[in-house]
Amino acid sequence: MYFDALTIAAVADELRETILGGRIQRVLQTGPLSIGLEIYSRGQRHQLLASAHPQLARVHLVRARLTRGVEQDTPLLLLMRKYLLGGQVVGVEQPALERILLLSIAKRAETRNKSRWQAAGGGRQVADGGEQMADGDEDLDEELEIFEDDDGVADLSEVDPASSLLPPASYLRCDLIIEPMDRRSNIILVDDNNLVLESVKRVTPRMSHRVIMPRQVYELPPAQEKRDPTRATGEGLAAMAELFSGDLGKAIVASYRGVSPQVAREAIFRALGQPTARMDAALPWYSLAARLRELFTAPWQPSLAAGPGGPAAYAPYLLGHLPDVRPQESVSAALEAFYAAREELTGHTQRRDALAQQLGAARERLARQRDQIGGELRKAGELEALRWEGEMIFAFMHELRPGQAELTVEGRSIALDPRRSPVEQAQERFKAYDKSKSALAGLPERLAAVAARVAGVEELAALLMIGGDDYDQIEQIALEAEELGYLREHPDPATAKRRRKASKARPIQLVSSDGFGIAVGRSARQNEEVTFRIGRPDDIWLHARTIHGAHVIVRSGGREVPEQTLAEAAGLAAHFSQAGGEAAVEIDICRRALVRKVVGGPPGLVTYRAERTLRAAPRRPW
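Note that the structure is a prediction, hence the values are computed from the model and not measured.

**Let's talk about the overall build of the protein chain**
Secondary structure summary: the protein chain contains 16 helices and 24 strands in total. Summarising the internal contacts of the protein chain: among those between residues at least 6 apart in sequence, 63% fall at separations of at least 24. When the accessible area of the protein chain is evaluated, it comes to approximately 31,100 Å², of which 49% is carbon and sulfur surface.

Okay, structure coming up:
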């Protein structure tokens, strides 16, 4: 989806009507790449969210109160507290047809003599969670009276510097610049001298010729050498035929500034009745130019297009080329509805990927332990050589001459020290043998235990990817990984606070077409529950052959299980396996009584026998 220049223009107009002149009374980072501001204006608190996420970059107002999303204060957050907190929004600008929004903020600089200011209740407080707030909520409205005019709009220009509540001070002025430009998105704090104070993403000279680093001069992105869509003419559009061929929408995007593919499709639809067209000299160029100008000059009509999985598109104008379009009360309302669904899905994917990365690191750590123990076990052969050498020195001691440096027995050479007696050298070998033998005691058991843990973490990692983006399932696997000691810490700081909370994920319970109950586990603990607590000895147990996957139980109740039910259960076992994307998967089937836990192994690891195998196509739960 495109957070384009036209959308930013609509957001800028909305912010001028809502927060311009307002006072910033709370600043926070809602995530590593996003910030939030609470702005008091016209008797209301407004929540402004700005994100520099590569796929979800945007800036708009939200209804709910924003919450902190980082554990530690970042340099950007500390500087926002200094320059933004308590300041007034004195400007909202968008460079013409650019995907950039600039908020200008002015605030009184603090002085050393704060006794009267603090006595009047002007001291800052730190809210729960470490979020900086301008003042205590109970005195907020009284304090704001010194910033507001008769219409309730803050105006610092009319504040008397000699106010009894405010200390004599100058103003700190800065700009908060939001650049929602996909993977190049950034949020930058710039001082009154146009020097970068800090940013969400630092850009070094090695990364780009446009450097974004503290104390560097801020420069706008280079302007594109394209035409202005607000002055589009039929002649100008027709001239594109000399430079472009093929898709008309792509030609418009390449020729006009601030035009996204969606804007081009909408203009074409309004002119031609279809969202796409080929370059053709016979096209109604003047009508197309009028429609393009209309999109950039008409009053805003925010809209949201619905799709099968949630909102499919948004726009600051009424979308005509998409079905099921619903008007929205504001462009921020459209953006909030669209990105709430997208951010939830993306957040779940990122959560899963972060957990998969930690499980991979745990597997590598355990694999190194396994290899180290295996190396120590291989030294057992060297120990036998020490014992053998000691025995041979004693056995052939009567043949050794004083000062002899080598003893050869059965074609093998034993090095001797001519300066020491044979008895001392034999005893030295026996002592080394006994010492090393004690150290190696228990290594086979340790090797088996570590190998079982490797298998356990591999199973969890496989089940994590099989489960997709189901948040409860991701959390279930994360909790199991923590309980089993695979993770040193929870990969999500916000979830770490709730690590003791039980997951909502439970084994899937279904009924086959023949009326038999089917249970499916999707994590190690769930697999153990399905097989050994839900399943009974006479039930049928299914699992993908030689690969990780779900344990599936058909609850037979002592009855003969029809082939149709077996095929349905086998399809579930195939779907919830590492081969779920294949056309057919080999599935092992046996009685549950023939399934045994691996002694000392992690949950979900079993052995079984007397199985039969069938091939089944993966089947989703019904």
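From this point, the narrative continues.
**Comments concerning the pattern of salt bridges**
What the rule picks out here adds up to 30 salt bridges. Between Glu-483 and Arg-525 there is a salt bridge, with the nearest N and O atoms lying 3.6 Å from each other. With Glu-483 in helix H13 (residues 471-483) and Arg-525 in helix H15 (residues 524-534), this pair connects stretches of sequence that are 42 residues apart. According to the relative accessible area criterion, Glu-483 is exposed, its value standing at 56%. Notably, a salt bridge pairs Arg-545 with Glu-611, separated by 3.8 Å at the nearest N-O pair. Of the two residues, Arg-545 is situated in the loop between strand E19 (540-544) and strand E20 (552-555) and Glu-611 in the loop between strand E23 (606-608) and strand E24 (612-616); the sequence distance between them amounts to 66 residues. By relative accessible area, Arg-545 is classed as partly exposed at 31%. A relative accessible area of 32% places Glu-611 in the partly exposed class. Taken together, the shared-partner salt bridges in this structure form one network comprising Arg-26, Glu-38, Arg-45 and Arg-65.

**Digging into the pairing of E20**
In this structure, strand E18 (residues 517-520) lies alongside E20, joined through 4 bridges in antiparallel fashion. Its bridge partner lying in E20, Gly-517 is registered against Arg-555. The pairing of E19 with E20 spans 3 bridges and is antiparallel. The residue bridging Leu-542 from the neighbouring strand is Val-552, located in E20.

**Some remarks on the packing of aromatic side chains**
A complete count under the given rule lists 5 aromatic pairs for this structure. Taking 5.6 Å as the distance between ring centres and 55° as the angle between the ring planes, the aromatic pair formed by Tyr-314 and Tyr-339 counts as tilted. Of this pair, Tyr-314 sits in strand E13 (residues 310-315) while Tyr-339 sits in helix H9 (residues 331-378), and the two are 25 residues apart along the sequence. Its relative accessible area of 1% is what places Tyr-314 among the buried residues. With 5.0 Å between their ring centres and 85° between their planes, Phe-338 and Tyr-339 make a pair best called edge-to-face. Here Phe-338 matches Tyr-339 in class, with each residue buried.

**With respect to the nonpolar core**
In this structure, Leu-359, Tyr-486, Leu-542 and Ile-587 are the most contacted members of the largest nonpolar core, which totals 49 residues. If near-sequence neighbours (up to four positions away) are discounted, Leu-359 is found in contact with Val-457, Leu-460, Ala-461, Leu-464, Ala-481, Tyr-486 and Leu-487. Listed in part, the 43 residues of the second largest apolar core include Ile-8, Ala-52, Ile-105 and Leu-189.

**Structural notes on the sheet that holds strand E14 (residues 325-327)**
One open sheet holds the 3 strands; their spatial order is E13-E12-E14, and the pairing between them is antiparallel. Of all strands in the sheet, those bounded by a partner on one side alone are E13 and E14. Taken pair by pair, the neighbouring strands of this sheet meet at an average axis angle of 30°, ignoring direction. In this structure, strand E12 (residues 303-307) lies alongside E14, joined through 3 bridges in antiparallel fashion. Across the sheet, the residue bridging to Ser-303 is Pro-327, located in E14.

**Topic: the pairing of strand E1 (residues 23-31)**
Each regular strand displays side chains that alternate between the two surfaces of the sheet. Burial analysis of E1 places 8 of its 9 residues in the buried class, which makes it a mostly covered element. Alignment of E1 against strand E2 (residues 34-41), held across 6 bridges, turns out to be antiparallel. When the bridges of E2 are listed, Arg-23 appears paired with Tyr-40. Taking the residues between adjacent antiparallel strands as the criterion, E1 and E2 are bridged by 2 residues.

**Overview of the sheet that holds strand E17 (residues 508-511)**
Here we have 6 strands laid out as an open sheet, ordered E17-E18-E20-E19-E21-E24, and antiparallel in their pairing. This sheet does not close on itself; its edge strands, each paired only once, are E17 and E24. When the angles between neighbouring strand axes are averaged without regard to direction, this sheet yields 25°. The sheet contact formed by E17 and E18 spans 4 bridges and is antiparallel. Counted as the bridge partner of Val-511 is Gly-517 from E18.

**Considerations on the confidence of the model for the protein chain**
Across the protein chain, pLDDT averages 84, with 85% of residues at or above 70. Between residues 111-132, whose pLDDT stays under 50, and residues either more than four places distant or in other chains, the model counts 44 contacts. The low-confidence segment residues 490-495, where pLDDT is below 50, has 16 contacts with residues more than four positions distant or belonging to other chains.

**Section: the environment of Gln-262**
Inspection of the secondary structure assignment puts Gln-262 in helix H7 (residues 261-272). Judged by its relative accessible area of 4%, Gln-262 is buried. Gln-262 sits 13 residues away from Pro-275 along the chain, and the two C-alpha atoms are 9.1 Å apart. At a separation of 2.9 Å, a polar atom in the side chain of Gln-262 contacts the main-chain carbonyl oxygen of Tyr-314.

**Brief notes about the side chain of Asn-186**
Summarising the element assignment, Asn-186 is placed in strand E10 (residues 186-191). Excluding its chain neighbours within four sequence positions, the residues that come into contact with Asn-186 are Ala-52, Ile-177, Ile-178, Glu-179, Ser-199, Val-200, Lys-201, Val-203 and Ile-212.

**Some points on unusual backbone geometry**
The phi dihedral of Asn-194 is positive, around 65°, even though this residue is not glycine. Relative to the elements of secondary structure, Asn-194 occurs in the loop between E10 and strand E11 (196-199). Owing to a relative accessible area of 33%, Asn-194 belongs among the partly exposed residues under this scheme. Positive phi is not limited to glycine here, since Asp-324 has a value of about 50°. Within the secondary structure layout, Asp-324 lies in the loop between E13 and E14. Residue class for Asp-324 comes out partly exposed when judged on its relative accessible area of 44%.

Calculation criteria
Within each chain, residues carry numbers counting from 1 in the order of the written sequence. pLDDT decides what is reported in this predicted model: residues at 70 or higher carry local features, side-chain atom pairs at 80 or more are listed and counted, and totals for whole chains, interfaces and linings draw on all residues regardless. In computing side-chain properties, one takes all heavy atoms of the structure into account and sets aside hydrogens as well as water. Think of it this way: any DSSP run of H or I at least four residues long counts as a helix, any run of E at least two long counts as a strand, and we number them from the N terminus. Residue contacts follow a heavy-atom distance rule, with two residues in contact if any of their heavy atoms lie within 4.5 Å. Note on areas: Shrake-Rupley with a 1.4 Å probe; residue coverage comes only from the protein chains shown. By definition here, a salt bridge exists when the distance from a side-chain nitrogen of Lys or Arg to a carboxyl oxygen of Asp or Glu is within 4 Å. We call a residue buried when its accessible area falls under 20% of the maximum for its residue type, exposed when it is over 50%, and partly exposed in between, using a 1.4 Å probe and counting protein chains only. If DSSP finds at least two bridges between two strands, the strands pair. We call Phe, Tyr and Trp rings a pair once their centres come within 6.5 Å, taking the six-membered ring for Trp, and we label the pair stacked below 30 degrees between planes, edge-to-face above 60, and tilted otherwise. Put simply, buried Ala, Val, Leu, Ile, Met, Phe, Trp, Tyr and Cys residues joined by side-chain atoms within 4.5 Å make one nonpolar core. Orientation is described by axes fitted as lines to C-alpha atoms, over the contacting stretch for helices, and by angles from 0 to 180 degrees between their N-to-C directions. For every residue, the predictor reports its confidence as pLDDT, a number between 0 and 100. Two N or O atoms form a polar contact when they lie within 3.5 Å of each other; inside protein one atom must be a possible hydrogen donor and the other a possible acceptor, and for residues adjacent in sequence the pair counts only when both atoms belong to side chains.

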